[in-house]
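Overview (structure and organization)
Single-letter residue listing:
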Amino acid sequence: MSHRSAPFDVLPGRTVVAGTSRRRFMTWMGVVGGVAFTPQLLRQTVAAADPVAAGDPFTLGVASGDPLPDSVVLWTRLARRPLQPGGGMPDRPVPVQWEIASDRGFRNVVQRGDTAAVPQDGHSVHVDVRGLRAATDYFYRFRCGSDVSPVGRTRTAPAAGARVGAMSFAVVSCQAWTDGYFNAYADLADAAPDVVFHLGDYVYEYEIKPATVRRPTTDVPKSAWTEMTTLADYRDRYALYKLDPDLQAAHRAAPFICAYDDHEVENNWAAGIPEKGQSPSEFIVRRAAAFKAWWENTPVRAALRPDGADIRMYRRFEFGDLARFSVLDTRQYRSDQANDDKDSPQDAATADPGRTITGAAQEKWILDGLGTGGARWNVLAHQTTIADLARNKDGVRIVSMDGWSGYEASRARILDGAAQRKVPNLVSIVGDIHRNVVSELKSTYTRDVPTVGVELAGTSIASGKDGKDSDSADQAIKAASPHVKFGNAQRGYMLNRLSHEQWRAEFRVADSIANRGLPLHRRATVTIPSGRPEITVD
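Residues numbered from 1 in each chain as written. Predicted model: local features only at pLDDT ≥ 70, side-chain atom pairs only at ≥ 80, totals over all residues. Heavy atoms only, no water.

An unreviewed UniProt entry lists the protein under the name Alkaline phosphatase, with Tsukamurella paurometabola given as the organism.

So this is what it looks like as structure tokens:
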């Protein structure tokens, strides 16, 4: 299907092409080096596909992301038959044209160019458009042959240091395709925020079991019936998810800033350590494939392209003088989870100063960024909760070993470092836990210490099915965690509006995601005043 609004002229123009642990740590380190210098380990054969002349190549939609004051990334991935191996695309480069305009009708095209979608990158396209105006809405589209993509809207960030009166952004995460419809994305698309932060679990690695799928379809890639482990598997799964029309609408409505969590690779992986019984060599090749597929399927820059099994995902975005967002990677550099990754009391292992959730280099980068100054709101955008979400089990206080509660010394170094640097208005935004939770941020929760910030954990788009307003886990967390000021276990997302005076976080939830098109509503609005880590829930 072609999407046409105004003639797409191919004219000469600017072209930008982006084209110690329980599982043998030392062995893993050797494998990492091997992967880095043995690219054939990651080479995947593109399944033979006839060069299909007919069929919409833009079935997976379009997207933009990683906005800077003068630049934004434009993304698409060609797939005429998206659920077939190789997406029904030929095993050769395919020419693609792009253009970006100041109006939706493309009467004022400001840049256009040519690139190629190559099979080595899953026929994905990442165009880093430079020379744009700050704090400006733009509209973009692609062409492949006679087919024209849908039109997307994007927005550049404000100029560095510019006075910014207000901004809006959404926080999303955790979208298990099997668990229901992505109705939250339709609501988000209507809101059209300045930017969307996707904090991980864009896809899930588990095999799809027909009995558990809430969508009335068996039209899935063959690889979906098994857990994804290869590059071809991961590509297939992204294609399945990206066919969702509401996810596509959200990507068309606003630029995304994306981070991965665990399920883009495997549940609760830690550095080179898999959850399940793979060998280090098997897992590191799997991780390399997962990173490659994540890069191919997200609107991020060429600089984030993985180098074998390594990727520099953490990065920073500034929105004038209003907000600085440090996007973290709390998976790739972390120590193994303590206590066999089971909810446990905090102990000598969780307090061990030699353990880390960020790695030493990223920890320094975080603290350096917090100490820079110049932003009213200082935001850590990442995966798992910093706050203890404690529960009592048989009279014993237990916490997650996967979140920062299992890395107490690492948490204290960041939050005590923020306090020492007198960082104003520190806010943590996270996903992962499939529930909304608002907490006071403290360097420890087992003795009386000052509150240094606020944490806003956003619920899942779909993972966990419908949920309920307050389930047993929500009640247990509130009973054992006096620093938790709000909780809810329904599906949805968080819509934030920032000004110099306050942060307003609207938690939008759905009563059900069993059918497409069901509405969302405001469950609560949390207000944080500038200058004080106080939480008001309305």
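Structure shown, so let's carry the discussion forward.
With 84 residues, the main nonpolar core has F169, W294, I429, L456 and W503 as its most contacted residues. Top element by residues in this core is helix α5 (residues 280–296). It accounts for seven residues. Once you skip the residues sitting within four places of it in the chain, W503 turns out to touch F169, W377, V379, V427, I429, L456, N496, R497, L498, V526, T527 and I528. (Core = buried A, V, L, I, M, F, W, Y, C linked by side-chain atoms within 4.5 Å. Buried < 20%, exposed > 50% of the residue type's maximum accessible area, 1.4 Å probe, protein only. Helix = DSSP H or I, 4+ residues; strand = E, 2+ residues; numbered from the N terminus. Contact = heavy atoms within 4.5 Å.)

Another point: unusual backbone geometry. Non-glycine residue A135 carries a positive phi angle of around 50°. Within the secondary structure, A135 is located in the loop between β5 (124–129) and β6 (137–144).

Note that V396 resides in strand β16 (residues 396–398). Spatially, the C-alpha atoms of V396 and Y234 are 40 Å apart, while their sequence positions differ by 162 residues. In this view, V396 contacts P345 and R391; residues no more than four positions away in its chain are not counted.

In this section: α5. The periodicity of an α-helix, 3.6 residues per turn, causes residues three or four positions apart to be oriented the same way. Here α5 contains 17 residues, and its C-alpha end-to-end distance of 24 Å stays within 8% of the 24 Å for a straight helix at 1.5 Å per residue. The buried count for α5 comes to 14 of 17 residues, which makes it a mostly enclosed element. (Expected span 1.5 Å × (residues − 1).)

Moving on: the environment of A381. Among the secondary structure elements, A381 is positioned in strand β14 (residues 377–381). In this structure, A381 is in contact with F197, L199, S326, V327, L328 and I429, ignoring residues within four places of it in sequence.

This part takes up the environment of P57. The residue P57 is located in the loop between α1 (25–36) and β1 (62–68) in this model. Considering only alpha carbons, one finds P57 and R532, 475 residues apart in sequence, at a separation of 51 Å. When neighbours within four sequence positions are excluded, P57 is seen to be in contact with R77, L78, A79, R80, C144 and D147.

With that settled, the discussion passes to the pairing of strand β9 (residues 166–172). Counting buried residues in β9 gives six out of seven residues, a clear majority hidden from the surface. In the sheet, β9 pairs with strand β21 (residues 484–499) via six bridges, with the strands oriented antiparallel. Counted as the bridge partner of A170 is L495 from β21. By the bridge criterion, four bridges tie β9 to strand β10 (residues 195–198) in an arrangement that is parallel. The residue of β10 that forms the bridge with A170 is V196. (Pairing = 2+ DSSP bridges.)

Between helix α7 (residues 360–370) and helix α8 (residues 408–420), the least distance of the axes is 9 Å, while the angle of their chain directions is 20°. It follows from the interaxial angle that α7 and α8 lie roughly parallel. The two elements α7 and α8 meet at a crossing, and its hand is right-handed. Taken together, the residues of α8 that come into contact with α7 (itself represented by E363, I366, L367 and L370) are S410, R413, I414, G417 and A418. Here the residues of the contact of α7 with α8 sort into five nonpolar, two polar and two charged. (Axes fitted to C-alpha atoms, helices over the stretch in contact; angles between N-to-C directions. Parallel < 35°, antiparallel > 145°, perpendicular 65-115°, else oblique. Left-handed = near helix turned anticlockwise from the far one by under 90°. Nonpolar A, V, L, I, M, F, W, Y, C, P; charged D, E, K, R; others polar.)

Taken as a whole and judged by the stated rule, the model has 19 aromatic pairs. Ring centres 6.4 Å apart and planes at 50° place the aromatic pair F182 and Y241 in the tilted group. Pair noted here: F182 is in the loop between β9 and α2 (183–191) and Y241 is in helix α3 (residues 231–242), with a separation of 59 residues, a long-range link. Like Y241, F182 is buried. Seen from the ring of F182, R215 lies directly overhead, with NZ or CZ sitting 4.7 Å from the centre. Over the aromatic face of Y407 sits the side chain of R355, whose NZ or CZ is 4.4 Å from the ring centroid. (Phe/Tyr/Trp six-rings, centres within 6.5 Å; stacked < 30°, edge-to-face > 60°. Lys NZ or Arg CZ within 6 Å of the ring centre and 35° of its normal.)

Attention now moves to the UniProt feature "domain: Phospholipase D N-terminal" (unreviewed entry) in the protein. Mapped onto the present numbering, the UniProt feature "domain: Phospholipase D N-terminal" (unreviewed entry) falls at residues 60–156. From the first C-alpha to the last, residues 60–156 spans 23 Å; its make-up is 0% helix and 53% strand. (UniProt positions renumbered as here; feature names shortened; annotations may be inferred.)

Quick look at the domain arrangement of the protein now. The assigned domain composition of the protein is domain 1 (61–155) and domain 2 (159–537). Summarising the inter-unit geometry, the C-alpha centres of domain 1 and domain 2 are found 27 Å apart. Each partner contributes to the interface: domain 1 provides 33 residues, whereas domain 2 provides 37 residues. Both faces considered, domain 1 and domain 2 share a buried interface measuring about 2600 Å² in area, 52% of it formed by carbon and sulfur atoms. Per-residue buried area on domain 1 facing domain 2 is highest for D66, L83 and R153; these three make up 27% of the total on that side. Summed over the shared surface of domain 1 and domain 2, the number is five salt bridges. (Domains from an automatic or database assignment. Buried area = accessible area lost by both parts, 1.4 Å probe. Salt bridge = Lys/Arg side-chain N within 4 Å of Asp/Glu carboxyl O.)

Bringing the confidence of the model for the protein into the picture now. When pLDDT is averaged across the protein, the result is 92; 90% of the residues are at 70 or more. Taken as a whole, residues 10–52 scores under 50 in pLDDT and shows 83 contacts with residues more than four places along the chain or in a different chain. (pLDDT = per-residue confidence, 0-100.)

Right, let's get into helix α9 (residues 472–480). Buried residues of α9: D474, I477 and A480, and no others. Down the axis, α9 shows its buried residues gathered within 145° of arc, on one side only. In α9, the exposed positions that point more than 90 degrees away from the buried face belong to S472 and A479. Contact partners of the buried residues in α9: β15 (391–393) and β21. (Arc of directions from axis to C-beta.)

Looking at where T136 falls in the secondary structure, it is placed in the loop between β5 and β6. Within the local environment of T136, its side chain forms a polar contact with the backbone oxygen of R133, the two atoms lying 3.5 Å apart. The contact partners of T136, leaving out residues within four places of it in the chain, are T154, R155 and T156. (Polar contact = N/O pair within 3.5 Å; in protein donor to acceptor, adjacent residues only side chain to side chain.)

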